[in-house]
Amino acid sequence: MTDQPAITVDGHAIPLLGFGTWMLEPDDARRMVAEALRLGYRHIDTAWIYRNEAAVGDGIRDAIEAGHVARDDLWLTTKIWVDHFHRDALLKQAEESAASLGFSPDLLLLHWPKKTPSFDETLGALNEARDRGLTRTIGLSNFPSAEFREAQALSKAPLVTNQVEYHPYLKLTTLLETARDLGSSITAWSPLAQGKVADDPTLNEIGRAHGKTPGQVTLRWLIQQNVIAIPRTGKESRAAENFDIFDFQLTPEQMDRIHALARPDGRLGDWIDPAFKWDEEWA
């Protein structure tokens, strides 16, 4: 890995700033992954359901061939889709994802919690994928605290992260505490609130104090919490801007002001199965 900030979980150093590929069409995914790696990103996130794993792999190979990165210096994450949670289907998708990427991922996540099949079967299969060398580590995505704890209790291997929506408008106190209790981490998707941070007066004011944009302030706020952030963009200039966050530090007062932006209606992407409920932060 490079010398950029990382969080170490179960002995694995995961770069705190990654590049997300959600909703990037294959051509854009290939182009932007190669550019992100040229800029210095060392963490790439994708998923089977994004339909761009092969393009992400091509972008990584483009960057490797150009001499911008070595495979061993890169953290690569993908996800098992909910339709593939039975044992055989999960192992088949893990094999297909590794083949599409052209690399075994460093991290394989369960994309959303699902009631059936049982957590026991799904976590068993996820561990089996790890044991077979189809991934280095395993984890979760979009699991509330109760299910996060249940999944870890059923998993032989540590669940190294739980990837969830997190940005200044969403309170995540309970889940952050759960991750710490379990020796795990939180990865933030939609860390820039799908662009909403750009017009925020508080983030703009703090940004002016540092000569930074609201987006850069937001990403800095996340990594100063030891939260992994995976912003996504199809613009080279924005990818460069998002990466330029390692030369300033937010004060405790500024961190608190950003935390205070959270609101009960702050969630932007609520696709969780109705059988589950998010942590109640506003009771």
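Residues numbered from 1 in each chain as written. Predicted model: local features only at pLDDT ≥ 70, side-chain atom pairs only at ≥ 80, totals over all residues. Heavy atoms only, no water.

1. Points about the pairing of strand 7 (residues 137–141)
Part 1 of the reasoning: For strand 7, the tally of buried residues reaches five of five residues, placing the bulk of the element in the interior.
Part 2 of the reasoning: Side chains of strand 7 alternate between two faces, with Thr137, Gly139 and Ser141 and Ile138 and Leu140 buried alike.
Part 3 of the reasoning: As for the winding sense of the linkage, the β-α-β connection from strand 6 (residues 107–110) through helix 4 (residues 119–131) to strand 7 is right-handed.
Part 4 of the reasoning: In this structure, strand 7 lies alongside strand 8 (residues 159–165), joined through three bridges in parallel fashion. (Buried < 20%, exposed > 50% of the residue type's maximum accessible area, 1.4 Å probe, protein only. Helix = DSSP H or I, 4+ residues; strand = E, 2+ residues; numbered from the N terminus. Right-handed = clockwise from strand over helix to strand, strands pointing away. Pairing = 2+ DSSP bridges.)

2. Quick notes on the side chain of Gln93
Part 1 of the reasoning: Structurally, the position occupied by Gln93 is in helix 3 (residues 87–101).
Part 2 of the reasoning: Judged by its relative accessible area of 1%, Gln93 is buried.
Part 3 of the reasoning: In this structure the side chain of Gln93 is engaged in a polar contact, spanning 3.2 Å, whose partner is the backbone oxygen of Lys79.
Part 4 of the reasoning: Sequence-distant contacts of Gln93, that is, excluding residues within four places in its chain, are made with Trp48, Lys79, Ile80, Trp81 and His84. (Polar contact = N/O pair within 3.5 Å; in protein donor to acceptor, adjacent residues only side chain to side chain. Contact = heavy atoms within 4.5 Å.)

3. Topic: the packing of aromatic side chains
Part 1 of the reasoning: In total, this model carries nine aromatic pairs according to the counting rule given.
Part 2 of the reasoning: Ring geometry for Tyr166 against Trp221: centres 5.2 Å apart, planes inclined by 45°, an arrangement best described as tilted. Of the two residues, Tyr166 sits in the loop between strand 8 and helix 6 (173–181) while Trp221 sits in helix 8 (residues 214–223), which places them 55 residues apart along the sequence.
Part 3 of the reasoning: On the basis of relative accessibility, which here comes to 1%, the residue Trp221 falls in the buried class. (Phe/Tyr/Trp six-rings, centres within 6.5 Å; stacked < 30°, edge-to-face > 60°.)

4. Some details on the pairing of strand 8
Part 1 of the reasoning: Judged by how many residues are buried, strand 8 sits mostly within the fold: seven of seven residues are covered.
Part 2 of the reasoning: Bridge count between strand 8 and strand 9 (residues 186–189): four bridges; the pairing is parallel. Paired with Gln163 across the two strands is Thr187, which belongs to strand 9.
Part 3 of the reasoning: For the crossover from strand 8 across helix 6 to strand 9, the handedness is right-handed.

5. Examining the environment of Glu177
Part 1 of the reasoning: Within the secondary structure layout, Glu177 lies in helix 6.
Part 2 of the reasoning: The exposure class of Glu177 is partly exposed, given its relative accessible area of 39%.
Part 3 of the reasoning: The spacing of Glu177 and Ser145 is 32 residues in sequence and 9.0 Å in space, taken between C-alpha atoms.

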